[in-house]
Amino acid sequence: MKRMKKFRFIYVWIPIFAYLIIISGFISGSEEDLLCNAIKINILDSTNTKFIHEEDIIALLSQNNQKILGNPVNNIDLKELEKLLISHRTIKNSELYITEKGKLNIEITQHKPIVRIINGKNKGYYIAEDGSIIPLSNNFSPFVMIVSGHITEPYNNRQSNNIMDADIGNLN
């Protein structure tokens, strides 16, 4: 009986432990040397909403001095890039990840407008499903209801990205 346990330990568990140690050495060493060699941008809802294009995203990353291609993947701050992309008023969500071959994948979801506002000063913007304010775009004009006239805005359009942040108590 003891001989069987010893046999199982030697011929089963020792090779498994050796395999895990060897594989972990390959994985950790290759990640340090891996350079970002490509960027793939996927705009998930681009068939319905076309506020932003791939070129706009690349321009946004480059104008903020985000050197990605040729950089080691360990030096790329994905959370910071996500924050940068979400700061664009037409982007609702962004997911970034790097594949094991060094390709940066960017998945973008845009805000979906439900109404276009043209205020008393003849300035326009869209309001999204979640209350976010979307500026007018040269790229895309969605088919939504238009609200115009003497519209009093209880918030500062430049300071707020969401109409839900408005102080409703100050309305006339």
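Report follows, based on the coordinates. Remember, it's a predicted structure, so these values are computed and weren't measured experimentally.

**Here we look at the packing of helix 2 (residues 54-63) against helix 3 (residues 78-86)**
Right, so step 1: Following both chains from N to C, one finds helix 2 and helix 3 inclined at 120 degrees, their axes separated by 11 Å at the closest point. With respect to their mutual orientation, helix 2 and helix 3 come out oblique. Crossing angle aside, the handedness with which helix 2 passes helix 3 is right-handed. Together, Ile 57, Leu 60 and Leu 61 of helix 2 and Leu 81, Leu 84 and Leu 85 of helix 3 make up the contact between the two elements.

**Overview of the nonpolar core**
Right, so step 1: Of all hydrophobic cores here, the largest spans 18 residues; its most connected members are Ile 57, Leu 61, Leu 85 and Ile 106.
Right, so step 2: At the level of secondary structure, the elements contributing two or more residues to this core comprise strand 1 (38-43), helix 2, helix 3, strand 2 (91-98) and strand 3 (103-110).

**Structural notes on the sheet that holds strand 1**
Right, so step 1: Taken in spatial order, the three strands of this open sheet run 1-3-2, and their pairing is mixed. Edge positions in the sheet fall to strand 1 and strand 2, since each has one partner strand and no second. In this sheet, neighbouring strand axes are inclined to one another by 15 degrees on average, regardless of whether the strands run parallel or antiparallel.
Right, so step 2: Helix 2 rests against strand 1 and strand 3 of the sheet, and its axis sits at about 130 degrees to strand 1.
Right, so step 3: Contacts between helix 3 and the sheet are confined to strand 2 and strand 3, with strand 2 contributing the most and set at about 155 degrees to the helix.

Reading the values: the criteria
Residues numbered from 1 in each chain as written. Predicted model: local features only at pLDDT ≥ 70, side-chain atom pairs only at ≥ 80, totals over all residues. Heavy atoms only, no water. Axes fitted to C-alpha atoms, helices over the stretch in contact; angles between N-to-C directions. Helix = DSSP H or I, 4+ residues; strand = E, 2+ residues; numbered from the N terminus. Parallel < 35°, antiparallel > 145°, perpendicular 65-115°, else oblique. Left-handed = near helix turned anticlockwise from the far one by under 90°. Contact = heavy atoms within 4.5 Å. Core = buried A, V, L, I, M, F, W, Y, C linked by side-chain atoms within 4.5 Å. Buried < 20%, exposed > 50% of the residue type's maximum accessible area, 1.4 Å probe, protein only. Pairing = 2+ DSSP bridges.

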